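Fold and contact review
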Amino acid sequence: MNLIQKIRNYISSCRWVVPITTQWPLFISYIVLIGWSSITQNIYARAFVIYLHAYIATAIVTWTKRSWVKVLIYVLAFILFFINASLKVNYDLEISPSVLMLLAETNAEESSEFLHSLLHTSTAWVIPALTVVFVVLVVIAEKKRSKGTLYLERKRPFRILSVVSGIMLTVGVIGSYCYIGLFQCKNPDDVSVWNLHMSYPSDALTRVVVALYDSHLAKKEMEGTALLAENVKSTKSEVEAKDSLNIVFVIGESYIKDHASVYGYGLNTTPFLLHEKKAGRLVAFTNAVSPYNFTTKVMRNLISTNSLEDGVRWSERPPLTAVFKRAGYFVSMYDNQRTFAFGATFTFALNSYLYAPRVLKVCYDRTNNNSFEYDGQLVDRYKRDFQEQHSHALTIFHLMGQHIEAVKRYPADRQFNHFSADSIKRKEPWITEEMRRGIAEYDNATWYNDYVMKQIISQYAHRNVVVIYVSDHGEEEYDYRPSAGRKGSDDLKNMLYYQYSVPMMVWFSDAFKEKYPTKVRQIEASAAKPLMTDNICQILFYLGGLTSSPYYLAKHNVLSKDYVCGKRIVNDKYNYDNIVRP
């Protein structure tokens, strides 16, 4: 009898189900302990793969015939359950790259403080108690295992189990293609995209695998970035020390340009910015485009000194913060998304670039450690820290802006609830009352963003300062179709316009205007020029007097007479101008 015939006979006899029938306590325990977090989120898409995982565990025990192997699998299952469930119940987190990074950077004292805080939470007893209950149940089930096996191997139960298992395992094998996609990822950005678009099992074991692999990729990338930052070539600023120049770079979030009255929107969502524009202190750029509609990718290309137009990735050039710091600027970073969605792969991908220990040392003089519920609170934190005066300073704010669920981006006070569904006079037949309310909430978040900008700018009103504001990407809020967020669309022209066209504004104090009239005229003359925001570092270098830096490229500086705008390719594939502005 040849091998193929033996396999056929084995399959037809359904003996491959024996690992489940003989090791059913382990099979059930694996699904409950390791797979619970995945199945409860999406039972239909993920139960099949978890079933396959549990089968593999029982098959290993059956084929090795080693009791210590079973004990090892049980111990692993209980450890993963305890860790993942404790994180979820006590901190609303799960095993993730960010959690691994946090643990890796935690010293003994911080670990002690963490355990102390964990033991004193009101839910601290829940998971240990539940673990003990599961251990008792497993011990009882193992003692009854022989009786259970006899029942499962009766003719009728065995056939039913064979059919069900055949279906579950077949679909589980097909569904396991997601792991191939994971290990094809070459960097944390790829893992973030994989995470967003792949319905992968989020069981504790898979989360460990993803976290370890993502951390491995991030470590390699971080080492390259840190090396570039540490070896930045020194550049002396052309701005005199006595001028005490302050450059403020504000990065917004999910800002639809067409919802800002400073850009002509019907509702007055930006009263302060509009006032400053009329007073001649603010210039609104009308043709700025973001290279991506995904925060992590945008931020990396905003902070890096690369240019996508030149085919250079963000990881191939040092961060602009390192260049400014090496030039003698006092560099501060106040990031209200630093701990947002802490367990998410996209947060890890960005933080591993911005805040790796070696990067922190050479890129910043001061950073915030925590995020706040509202951007105004972040600015208040900065105001409390803003004591000393430096000869030159670069301050970066990364705001929550109008991030999805806009109603959560501003306080519920009446002061910030300017607009209601009744304020939205849209006439499209598909507009519903709920959509009008969503638009009003987005407009309130835009009004609050204007308020935050006022708080930032008022801090510098009497100083020599220039403020550059740009949003990471755009958004949709029922603007041309019944859809909100950043979904795909057959209407490519509108989709690209709303999701990639972004507001960009430059505000300058009277002192700056007086000291640098030529630069102010250049800013005003460049308002309508097309630009891609990944080159914004060139504007910052120019304004900061770092034009002798090897990282400064006049051809990418929209304020320069040598500026040339090349093809604006967004999302790595669409020629924005060919589609949106034919």
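Source: prediction; values computed, not measured.

So, how was this worked out
Residues numbered from 1 in each chain as written. Predicted model: local features only at pLDDT ≥ 70, side-chain atom pairs only at ≥ 80, totals over all residues. Heavy atoms only, no water. Helix = DSSP H or I, 4+ residues; strand = E, 2+ residues; numbered from the N terminus. Buried < 20%, exposed > 50% of the residue type's maximum accessible area, 1.4 Å probe, protein only. Contact = heavy atoms within 4.5 Å. Areas by Shrake-Rupley, 256 points an atom, 1.4 Å probe, with all protein chains shown as cover. Pairing = 2+ DSSP bridges. Axes fitted to C-alpha atoms, helices over the stretch in contact; angles between N-to-C directions. Phe/Tyr/Trp six-rings, centres within 6.5 Å; stacked < 30°, edge-to-face > 60°. Lys NZ or Arg CZ within 6 Å of the ring centre and 35° of its normal. Salt bridge = Lys/Arg side-chain N within 4 Å of Asp/Glu carboxyl O. Polar contact = N/O pair within 3.5 Å; in protein donor to acceptor, adjacent residues only side chain to side chain. Patch = residues over 30% accessible without salt bridge, like charges linked within 9 Å, V, L, I, M, F, W, Y side chains within 5 Å. Parallel < 35°, antiparallel > 145°, perpendicular 65-115°, else oblique. Nonpolar A, V, L, I, M, F, W, Y, C, P; charged D, E, K, R; others polar.

**A short note on the overall build of the chain**
- The secondary structure content of the chain amounts to 26 helices and 12 strands.
- Relative to its full complement of 582 residues, the chain shows a buried share of 55%.
- When contacts within the chain are restricted to residue pairs at least 6 apart in sequence, long-range pairs at least 24 apart make up 78% of them.
- Roughly 26,500 Å² of accessible area belongs to the chain as shown, and the carbon and sulfur atoms make up 59% of that amount.

**Notes on the sheet that holds strand β3 (residues 330-335)**
- Read from one edge to the other, the open sheet built from 8 strands follows the order β4-β3-β5-β1-β6-β9-β2-β10, with strand pairing classed as mixed. In this open sheet, the two edge strands, each paired with only one partner strand, are β4 (366-367) and β10 (531-532).
- Pairing between strand β1 (residues 245-252) and strand β5 (residues 392-398): 7 bridges, direction parallel. Looking at β5, one finds that L245 is bridged to H392.
- Lying on the sheet, helix α20 (residues 375-385) is in contact with β3, β4 and β5; it crosses β3 at an angle near 150 degrees.
- Against the sheet, helix α21 (residues 433-458) contacts β1, β5, β6 (465-471) and β9 (501-508), and its axis sits at roughly 160 degrees relative to β6.

**Comments concerning the packing of aromatic side chains**
- In the structure shown here, the tally under the stated rule is 18 aromatic pairs.
- Ring geometry for F183 and Y213: centres 4.9 Å apart, planes at 65 degrees, overall edge-to-face. Of this pair, F183 sits in helix α12 (residues 177-183) while Y213 sits in helix α14 (residues 204-230), and the two are 30 residues apart along the sequence.
- Plain terms: the ring middles of F324 and Y329 are 4.9 Å apart, the flat faces sit at 90 degrees to each other, and that makes the pair edge-to-face.
- Residue F324 is classed as buried on the basis of its relative accessible area of 0%.
- Through a chain of ring-to-ring contacts, three or more aromatic side chains come together here, namely Y374, F416, W447, Y448 and Y451.
- Positioned above the aromatic ring of Y542 is the side chain of K519, whose terminal nitrogen or guanidinium carbon lies 5.2 Å from the ring centre.

**Observations concerning the pattern of salt bridges**
- Within the structure shown, the criterion is met by 13 salt bridges.
- In this structure, D310 engages K555 in a salt bridge whose closest nitrogen and oxygen atoms are separated by 3.7 Å. Taken as a pair, D310 in the loop between α16 (295-303) and α17 (320-326) and K555 in the loop between α25 (536-543) and β11 (569-570) lie far apart in primary sequence, 245 residues in all.
- Owing to a relative accessible area of 36%, D310 belongs among the partly exposed residues under this scheme.
- Residue D577 is joined to R568 by a salt bridge in which the shortest nitrogen-to-oxygen separation is 2.7 Å.
- Among the charged side chains, a salt-bridge network with shared partners connects K70, E142 and R145.

**What about helix α3 (residues 24-33)?**
- Most of α3 is tucked away, with 7 of its 10 residues classed as buried.
- For α3, the complete set of buried residues consists of W24, P25, L26, F27, S29, Y30 and L33.

**Some points on the side chain of Q499**
- Take Q499: it is sitting in helix α22 (residues 492-500).
- Take Q499: its relative accessible area is 1%, and that puts it in the buried class.
- In this structure the side chain of Q499 is engaged in a polar contact, spanning 2.8 Å, whose partner is the side chain of E476.
- Separated by 2.9 Å, the side chain of Q499 and the backbone oxygen of K487 make a polar contact.
- Discounting residues that sit within four places of it in the chain, Q499 has contacts with N293, H473, G474, E475, E476, R481, G485, R486 and K487.

**Observations concerning unusual backbone geometry**
- The phi torsion at E405 lies on the positive side, around 65 degrees, for a residue other than glycine.
- Examined against the element boundaries, E405 turns out to sit in the loop between β5 and α21.
- For Y478, which is not a glycine, the phi torsion comes out positive at approximately 55 degrees.
- Structurally, the position occupied by Y478 is in the loop between β7 (476-477) and β8 (484-485).

**Quick notes on a nonpolar patch on the surface**
- A cluster of nonpolar residues, V71, V75, I79, F82 and I83, forms a patch on the protein surface that exposes about 400 Å² of accessible area.
- Among the secondary structure elements, I79 is positioned in helix α6 (residues 67-91).
- Of the residues examined, I79 reaches a relative accessible area of 45% and is grouped as partly exposed.

**A short note on the packing of helix α15 (residues 271-278) against α21**
- At a minimum axis separation of 7 Å, α15 and α21 run at an interaxial angle of 55 degrees. By the angle class used here, α15 and α21 are oblique. Residue-level inspection shows P271, F272 and L273 of α15 in contact with α21, the latter providing W447, D450, M453, K454 and I457.
- When grouped by side-chain class, the residues that make up the contact of α15 with α21 number 6 nonpolar, no polar and 2 charged.

**Description of the pairing of strand β2 (residues 282-289)**
- In terms of residue burial, β2 counts as a mostly covered element, since 7 of its 8 residues are buried.
- Relative to β9, β2 runs antiparallel, the two being bridged by 6 bridges. When the sheet's bridge partners are listed, F285 is paired in β9 with M504.
- The pairing of β2 with β10 spans 2 bridges and is parallel. The residue of β10 that forms the bridge with A288 is L531.

**What about the environment of T296?**
- Here T296 lies in helix α16.
- Judged by relative accessible area, which is 2%, T296 ranks as buried.
- Residues T296 and D472, 176 residues apart in the sequence, show an inter-C-alpha distance of 9.1 Å.

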